[in-house]
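Notes for the structure review
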Amino acid sequence: MVLKVFFPSCCSSADSGILIGRWISEQNSAVILAVVHFPFIPVQVKQYLGEVQRVTKVGVSVLGSWTNSKQEKEESLSEFLEDLGTIFCHEPWIQISKEGDSKFWSCSILQKHSKNPQEEEIILVYYDQRKVMLSHLHPPLDTAGQRAEDASKLSAIFDTVARSRVLFMTDRYDEGPIKLTHWQSDGVEASIIVELLKQASVPACMLLTFLFSMLSGICRSRVLKFWPLSFLWSKLSTCEQLGHRLQHLQVISSNKKAQNQNQLMRKANIFVSLLIDVALGILLMSWLYRKNRIGHLADTLIPVADHVAEELQDLLQWLMGAPAGLKMNRALDQVLGRFFLYHIHLWISYIHLLSPFIEMILWYVGLSACLGLTVALCILSDIIALLTFHIYCFYVYGARLYCLKIYGLSSLWRLFRGKKWNVLRQRVDSCSYDLDQLFIGTLLFTILLFLLPTTALYYLVFTLLRLLVVIVQGLIHLLVDLIDSLPLYSLILRLCRSYRLAAGVKFRVLEQQDGKPLRLLMQINPLSYGGVVQTYRLPTYSCYPKDSWASLCKKLFLGELIYPWKHKGDKQN
């Protein structure tokens, strides 16, 4: 049998005394938590360990003795420590001693109450108690069966140290009868600012929870469910982002304690994400309102809109002629061109009508940046959608006309083959047509076929323009999703204190000599940056349907619409 003893490296210079920790019989392992050094009274030690067991629910007991011969040179000390095994009665009794300035340690096992004592091989594993207690073991994402079992064994070691936090709250400055040596024996790690913030956060969280519950109740009220408020709330990405941030504020302002590490990390990630988002928004707002940049932006917006309208007019004039030498149906070409030119004329009139108010609108819109950079980006996306609404209308008109002709041609093609579409059974069935039906079908098929190139050209041009706008809005929403979902706190923790996010451990051999216990150093392997993002990534809402390339090409060919905003059929993450 192999007996593993996990010994904290912070206790290597402790005075002689007894070892307290937890014995894990399933793994034949002993986890040393602290050293109780002299003087002490055994009854008081038992009472103290009983209180620790009641609070931590961890089976803490006296596991053996620790001798530091550099500090204690009495010959009777080792005999006295051996006699302590009869008082505390733990089987096996572990004896660890440090031989002066030598780097060699001796570790032996006593089995006084065993009838058939067996010689066991001992492995002495050193671990950093602070890192193990503050870290939380995360099994690897690609964990297989045996690796999952190894991770569960290591989790027992991590869990034992983490749950014994009460044991580490006593230091050498306490006036109690028991003196312990552990990672905080020189002084408990704490921050006055952190403790004051903890005390002040309770009433602040209660007040914020009440305010946000009222605000969320107003948002869920029936008033917003009536048209057109429900339509605007579901279509504008700014409203979606505000609702998303309201949920985040409710999570971090909740006075309920986090049940596990994942919930705590989620709250911390949301809090840091909100702070950075608001800080970037305030920087953007300060930049906009400096040197009258709002006025310069408003002055350049109208000329840009006029330039875009002129380019569209030139494009339509080109389509109404002989584009790229193609022979178009002149009558349909002139009708479509004049129809779209009239819409552009209406759009220019609409822009010039709003020109006196654009600077004031931009001034008030810029104030929304104090709510966060993501809210400002969503407002920018909505402004782009409103400024390119005429392009969207052109795309819808062309797509509907093109879709009508495609479905008409497919239906007439089935007529030639003696087929028809069965609406009830959702399949193609055979059907017999008379001569008049075939004659009318032939005429309609010929008309639609010769008009298709003109319609398809207009549809192709406006679809490319629409895709350009969608790509710009998609890039904006990708940036918004990146700020919303990126676990910034976890990444900062991985960069500064990588041991807090442990994916496993590795062992380094310190000493291997015949007749001596094998000495290993347990080091923590942190999660990779990709694992941190995948483990703690925050959920976001999606503004566009997650279509594959094949599905998108099918929609474009059949003339189905690409919606500019999130609509009812889209899925949310």
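Residues numbered from 1 in each chain as written. Predicted model: local features only at pLDDT ≥ 70, side-chain atom pairs only at ≥ 80, totals over all residues. Heavy atoms only, no water.

Considerations on a nonpolar patch on the surface
The grouping of Tyr350, Leu354, Phe357, Met360, Ile361, Trp363, Tyr364 and Leu367 at the surface amounts to a nonpolar patch, some 780 Å² of accessible area in total. Ranked by residues supplied to the nonpolar patch, first place goes to helix 11 (residues 358-366) with four residues. As for its placement among the helices and strands, Leu354 is situated in helix 10 (residues 330-354). (Patch = residues over 30% accessible without salt bridge, like charges linked within 9 Å, V, L, I, M, F, W, Y side chains within 5 Å. Areas by Shrake-Rupley, 256 points an atom, 1.4 Å probe, with all protein chains shown as cover. Salt bridge = Lys/Arg side-chain N within 4 Å of Asp/Glu carboxyl O. Helix = DSSP H or I, 4+ residues; strand = E, 2+ residues; numbered from the N terminus.)

Section: the environment of Leu49
Relative to the elements of secondary structure, Leu49 occurs in helix 1 (residues 42-56). The class of Leu49 is buried, set by a relative accessible area of 7%. In this structure the C-alpha to C-alpha distance between Leu49 and Val62, which are 13 residues apart in sequence, comes to 8.6 Å. Apart from residues no more than four positions distant in its own chain, Leu49 is found in contact with Ile20, Val60, Ser61 and Val62. (Buried < 20%, exposed > 50% of the residue type's maximum accessible area, 1.4 Å probe, protein only. Contact = heavy atoms within 4.5 Å.)

Digging into the UniProt feature "transmembrane region" (unreviewed entry) in the protein
Per the UniProt record, "transmembrane region" (unreviewed entry) is found at residues 200-219, 270-289, 335-354, 361-388, 394-416, 437-461 and 467-492. Helix makes up 100% of residues 335-354 and strand 0%, whereas the separation of the span's terminal C-alpha atoms amounts to 29 Å. The straight-line gap between the two end C-alpha atoms of residues 467-492 is 37 Å; of that span, 92% is helix and 0% is strand. (UniProt positions renumbered as here; feature names shortened; annotations may be inferred.)

A short note on the packing of aromatic side chains
Taken as a whole and assessed by the stated rule, the structure comprises 15 aromatic pairs. Ring centres of Tyr458 and Phe462 lie 6.3 Å apart, and the angle between their planes is 40°; on these two criteria the pair is classed as tilted. Here Tyr458 pairs with Phe462, and both are found in helix 14 (residues 435-485), just four residues apart, close to one helical turn. An identical accessibility class is assigned to Tyr458 and Phe462; each is buried. Counting every residue linked through ring pairs, the aromatic cluster contains Phe339, Phe340, Phe394, Tyr397, Tyr458 and Phe462. (Phe/Tyr/Trp six-rings, centres within 6.5 Å; stacked < 30°, edge-to-face > 60°.)

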